[in-house]
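What follows is the residue order along each chain.
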Amino acid sequence: MNDSTTREERFAHGMGVLDKVDGEAGRRVLDTLADINPELGHQVVAWAFGEIYDRPGLAPRDRQLVTLGMLTALGGCEAQLDVHVNAALNVGLTPEQIVEALTHSAVYCGMPRALNATLAAKKVFAERGLLPLGG
């Protein structure tokens, strides 16, 4: 996007990216913000997805790996992990790759955060009928 686009155009572009990546989960996040902070919802769509997520330097699956690692490292982000585990599956990561990334994060983020992230992933996998994993 360039500086001459309107606020509405940036939002529309971001919604297209959000829908491709997060689908219904992304829309649910926007819905939860609608009656308390619609401006934050706008910024998530227009800026985070329309401007940052859509940059050409990384493929969507790579962006999701980074996002899963960051949310795990931050801790306390299980609601966002729910959305981004779904997104990771939507952009081509397998459940096994997601679990491997979360296992790897234990070395850098600590066991409690890796466990919490893994349990968030387990919830998403169960909702999508992907359990049990092969091992």
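This one's a predicted model, so the numbers in the text were calculated from it and none came from an experiment. Note that residues are indexed from 1 along each chain, following the sequence as it is written. Totals for whole chains, interfaces and linings use every residue, but because this is a predicted model, local features are given only for residues with pLDDT of at least 70 and side-chain atom pairs only at 80 or more, for both listing and counting. Each side-chain value is worked out from all heavy atoms of the structure, with water and hydrogens disregarded.

> So, the overall build of the protein: which residues are in play, and what are the values?
If you tally the helices and strands in the protein, you get seven helices and zero strands. For the protein, the sequential pattern of α-helices and β-strands runs α-α-α-α-α-α-α. Over its C-alpha atoms the protein spans a radius of gyration of 15 Å, differing by no more than 12% from the 14 Å that the globule rule assigns to 135 residues. With the C-alpha coordinates of the protein rotated into their principal frame, the extents come out at 50 × 35 × 25 Å. Per the convention used, a helix needs a DSSP run of H or I reaching at least four residues, while a strand needs a run of E reaching at least two, with both numbered from the N terminus. Here the radius of gyration uses the C-alpha set of atoms, whereas the globule reference equals 2.2 Å times the residue count to the power 0.38.

> Tell me what's going on with the side chain of Asp22, and back it up with residues and numbers.
Structurally, Asp22 is set in the loop between helix H1 (7-21) and helix H2 (24-33). If sequence neighbours within four positions are ignored, Asp22 has contacts with Phe49, Val83, His84, Ala87 and Asn90. In what follows, residue pairs with any heavy atoms lying within 4.5 Å of each other are defined as contacts.

> Describe the layout of surface pockets, with residues and values.
With a 1 Å grid spanning the protein atoms alone, the term cavity applies to any set of points in which a 1.4 Å probe fits but cannot get out, the term pocket to an open set with protein on both sides within 12 Å along at least five of seven lines, and the term lining residue to any residue with an atom within 4 Å of a point. Grid points are joined across faces, edges and corners, and a volume is the space filled by probe spheres set on the points. If you add up the space inside the largest pocket, you get close to 640 Å³. Forming the walls of the largest pocket are 24 residues, and the residues nearest its centre are Val44, Ala48, Phe49, Gln80 and His84. Of the residues forming the lining of the largest pocket, the biggest block, eight residues, is contributed by helix H3 (residues 38-53). For the lining of the largest pocket, the per-class residue count stands at 15 nonpolar, five polar and four charged. Charged means Asp, Glu, Lys or Arg here, nonpolar means Ala, Val, Leu, Ile, Met, Phe, Trp, Tyr, Cys or Pro, and polar covers whatever is left, Gly included.

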